[in-house]
Amino acid sequence: MQISFHGAAGGVTGSCHLVSVNDRNILIDCGMFQGRHELHEDNAAPFGFDPASIDTLLLTHAHLDHCGRIPLLLKRGFAGKVISTSATRDLTRLVLMDSAHLHEEEARRRRRHGEGEGPLYDTVDAMDAIDRFGRDAKYRKPLDLGGGVTATFFDAGHILGSASIMLDATEHGHRRRILFSGDIGPLERPLLNAPDPPGDADVVVMESTYGDRDHRSPEASVEEFYGAINDADTRGGNIIIPTFALERAQELLFFLRQGMQTKKVRSSFRVFLDSPMAISATRLFERHPEAMKAKISLMVRSGDDPFDLPDLHFTRDTSESMALNRIRTGAVLIAGSGMCTGGRVRHHLRHNLAQSDCSVIFVGFAAEGTLARIIVDGAKSVKLFGDEIPVRARIHTINGFSAHAGRTELLDWHNRTGRPETTFLVHGEKKSMESLARGLKGERIEMPRLHQKFEL
Ligand SMILES: [Zn+2]
Ligand SMILES: [Zn+2]
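Residues numbered from 1 in each chain as written. Chains lettered and ligands numbered in written order. Predicted model: local features only at pLDDT ≥ 70, side-chain atom pairs only at ≥ 80, totals over all residues. Heavy atoms only, no water.

Peer 1: Describe the coordination of the zinc ion (ligand 1), listing the residues and the values that go with them.
Peer 2: Note on the zinc ion (ligand 1): its protein donors are His 61 (NE2), His 63 (ND1), His 158 (NE2) and Asp 183 (OD). The metal-donor distances range over 2.1 to 2.4 Å. The sequence motif formed by the donor residues of the zinc ion (ligand 1) is H-x1-H-x94-H-x24-D. Between the two metals, the zinc ion (ligand 1) and the zinc ion (ligand 2), the spacing is 3.3 Å, and Asp 183 donates to both. Of this pair, His 63 sits in the loop between strand 4 (56-58) and helix 2 (64-67) while Asp 183 sits in the loop between strand 10 (174-180) and strand 11 (203-207), and the two are 120 residues apart along the sequence. A relative accessible area of 21% means that His 63 is categorised as partly exposed. (Donors = N, O, S within 2.8 Å, 3.2 Å for Na, K, Ca; no water. Helix = DSSP H or I, 4+ residues; strand = E, 2+ residues; numbered from the N terminus. Buried < 20%, exposed > 50% of the residue type's maximum accessible area, 1.4 Å probe, protein only.)

Set out below in structure tokens:
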């Protein structure tokens, strides 16, 4: 039995792990490398294994850094099936179509600059990948993969449909339980259940995104969010909220609804969800009550929409989005991308950043070098579409919302896996992995390098 690591090894993105047992090859995730300039090269590089040799791909969740290279895997010969929860399958369709579209645009841009390379994959490749989704996994129901291997999915509480995956494998009478954490959510979430501990394992492959720190409490962060909305309200101008389309956008609608119901914010706000992807994701949430907290699931099933607000508008068309530029005061505009690296939010910033009565509320992580980070760090002006725009709007930063478990929660999750012989730390920066490793007592801890292989 062997395991090898072909992404998120010594870094956060590109999750892709391979287990070989009884002549079967099982891949866990096939994600995109993100965030660096040489992005295209990283993703276009060989996988480190033969895609045609993979029998089954198990997908933990729909984030691009876990599913983004699946169409490329197909292009290079993968002929097996993809297994995930049904919510993950639906969200992945959305994510892969969007990703294919971005790759096509990026390839057009490269061609204009005389670089001939085509897209990593296109819309048709993404459609083919979507066709490969076979059986749906249900939480806690073991699936027989053949060859003496079963896989069981457990709710990871990270985004809708997310899972940790336990592999039970027997080779030459030798039984091993190998647990893949996927991305683990925090204990307290508005819409999702807390992570479901999968039980004892011999080998654990674990994410370590926030292995070195805890988050602020969610209640305090929601209060801070209401405070920012009310402060922005007294200033009178528009409120821009850059956001991620999956999970965070739905959480914001839910928080706003709760705030309005408890009269912590006024209910007469005009709110615009200005992101086609977030609009579609919101519809998919309503299709998967089984993947949410019982309380929310009950609301959905009884027809009480947890994301509805008295004056909420979904603006899908570009023309509708552009019309929002004419609104001068009192609108809440929720748009992507979360780090303002692209998407419609850049247009809203262009029209509102220079207005001293407007406000921008950042509710998510902003990586070094992104426009969101530059504004959060206090830039006096920023460049948008070739123009220098002065920053006169008030900037709020809410740091406590996270889809990832903090350090204490990660340690607690690991404590419930028994006494694994080996723990492999993946999906984290070096500093964060080393800090987490210091908290995991007694076991063998490995921090694999890209393409490193281990005997189990
Ligand atoms: Zn994730
Ligand atoms: Zn991830």
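Peer 1: Report on the coordination of the zinc ion (ligand 2), specifying residues and quantitative values.
Peer 2: Protein coordination at the zinc ion (ligand 2) comes from Asp 65 (OD), His 66 (NE2), Asp 183 (OD) and His 427 (NE2), with a distance range of 2.2 to 2.3 Å. Relative to the metal, the four donor atoms surrounding the zinc ion (ligand 2) lie at angles of 90 to 167°, and the coordination shape comes out irregular. The motif formed by the donor residues of the zinc ion (ligand 2), counted along the single chain, is D-H-x116-D-x243-H. A relative accessible area of 1% means that His 66 is categorised as buried. (Tetrahedral: all angles 85-135°; square planar, octahedral: opposite > 155°, others 65-115°.)

Peer 1: Tell me what's going on with the sheet that holds strand 16 (residues 359-362), and back it up with residues and numbers.
Peer 2: Ordered by their spatial adjacency, six strands build an open sheet running 14-13-15-12-16-19, and the pairing between neighbours is parallel. Among the strands making up the open sheet, the edge pair consists of strand 14 (312-314) and strand 19 (394-397). Here the strands of the sheet are splayed against their neighbours by 20° on average, with no regard to which way each runs. Taken together, the four bridges between strand 13 (residues 270-273) and strand 15 (residues 331-335) define a ladder with parallel strand orientation. Looking at the pairing, Arg 270 lines up with Ala 331 of strand 15. (Pairing = 2+ DSSP bridges. Axes fitted to C-alpha atoms, helices over the stretch in contact; angles between N-to-C directions.)

Peer 1: Give a description of the side chain of Thr 13 that names residues and reports values.
Peer 2: Of note, Thr 13 is situated in the loop between strand 1 (2-5) and strand 2 (17-21). Of the polar contacts made by the side chain of Thr 13, one reaches the backbone nitrogen of Gln 34; its length is 3.0 Å. Not counting chain neighbours up to four residues away, the residues in contact with Thr 13 comprise Gly 7, Ala 8, Met 32, Phe 33, Gln 34 and Asp 65. (Polar contact = N/O pair within 3.5 Å; in protein donor to acceptor, adjacent residues only side chain to side chain. Contact = heavy atoms within 4.5 Å.)

Peer 1: Give me the lowdown on the nonpolar core, citing residues and values where you can.
Peer 2: Core analysis: the biggest nonpolar cluster contains 73 residues, and Leu 27, Phe 225, Ile 241, Val 271, Ile 334 and Ile 361 have the highest contact counts within it. Residue contributions to this core peak at seven residues, all from helix 7 (residues 248-261). If you look at the next biggest cluster of nonpolar residues, it comprises 28 residues, including Ala 9, Leu 143, Leu 167 and Val 203. (Core = buried A, V, L, I, M, F, W, Y, C linked by side-chain atoms within 4.5 Å.)

Peer 1: Run through the environment of Glu 421, naming residues and quoting values.
Peer 2: Positionally, Glu 421 belongs in the loop between helix 13 (407-415) and strand 20 (422-426). Note on Glu 421: relative accessible area 46%, which makes it partly exposed. C-alpha separation for the pair Glu 421 and Val 203, spaced 218 residues apart in sequence, amounts to 6.0 Å. Contact partners of Glu 421, with chain neighbours within four places excluded, come to Arg 176, Asp 202, Glu 443 and Arg 444. Of note is the side chain of Glu 421, whose polar atom sits 2.9 Å from the side chain of Arg 176.

Peer 1: Give me the lowdown on the environment of His 347, citing residues and values where you can.
Peer 2: Along the chain, His 347 falls in helix 11 (residues 345-352). The exposure class assigned to His 347 is partly exposed, which follows from its relative accessible area of 35%. For His 347, the contacting residues outside a window of four places in its chain are Asn 325 and Phe 385.

Peer 1: Account for the packing of aromatic side chains, naming residues and giving values.
Peer 2: As enumerated under the stated definition, the model contains eight aromatic pairs in all. Taking 5.0 Å as the distance between ring centres and 45° as the angle between the ring planes, the aromatic pair formed by Phe 5 and Phe 424 counts as tilted. Here Phe 424 lies in strand 20 and Phe 5 lies in strand 1, a separation of 419 residues in the sequence. Considered together, Phe 5 and Phe 424 belong to a single accessibility category, that of buried residues. Ring geometry for Phe 285 versus Phe 307: centroids 5.9 Å apart, planes at 85°, classification edge-to-face. A residue pair is termed long-range when its members are at least 10 positions apart, and Phe 285 in helix 8 (residues 276-287) and Phe 307 in the loop between helix 9 (294-301) and strand 14 qualify at 22 residues. Grouping residues by exposure puts Phe 285 and Phe 307 together as buried. By the ring-pair criterion, three or more aromatic residues cluster together here, those being Phe 225, Tyr 226, Phe 255 and Phe 401. Of note, Arg 266 hangs over the ring of Phe 269, and the distance from its end group to the ring centre comes to 4.1 Å. (Phe/Tyr/Trp six-rings, centres within 6.5 Å; stacked < 30°, edge-to-face > 60°. Lys NZ or Arg CZ within 6 Å of the ring centre and 35° of its normal.)

Peer 1: Please set out the packing of helix 6 (residues 218-235) against helix 7 residue by residue, giving values where relevant.
Peer 2: Two elements in contact, helix 6 and helix 7, have axes separated by 11 Å at closest approach and are oriented at 75°. Overall, the two elements helix 6 and helix 7 adopt an arrangement that is roughly perpendicular. Each of Val 222, Phe 225, Tyr 226 and Ile 229 in helix 6 lies in contact with helix 7, whose residues at this interface are Leu 252, Phe 255, Leu 256, Gln 258 and Gly 259. Its residues assigned to classes, the contact of helix 6 with helix 7 shows seven nonpolar, two polar and no charged. (Parallel < 35°, antiparallel > 145°, perpendicular 65-115°, else oblique. Nonpolar A, V, L, I, M, F, W, Y, C, P; charged D, E, K, R; others polar.)

Read these as layout, nothing more, since geometry by itself doesn't imply function.
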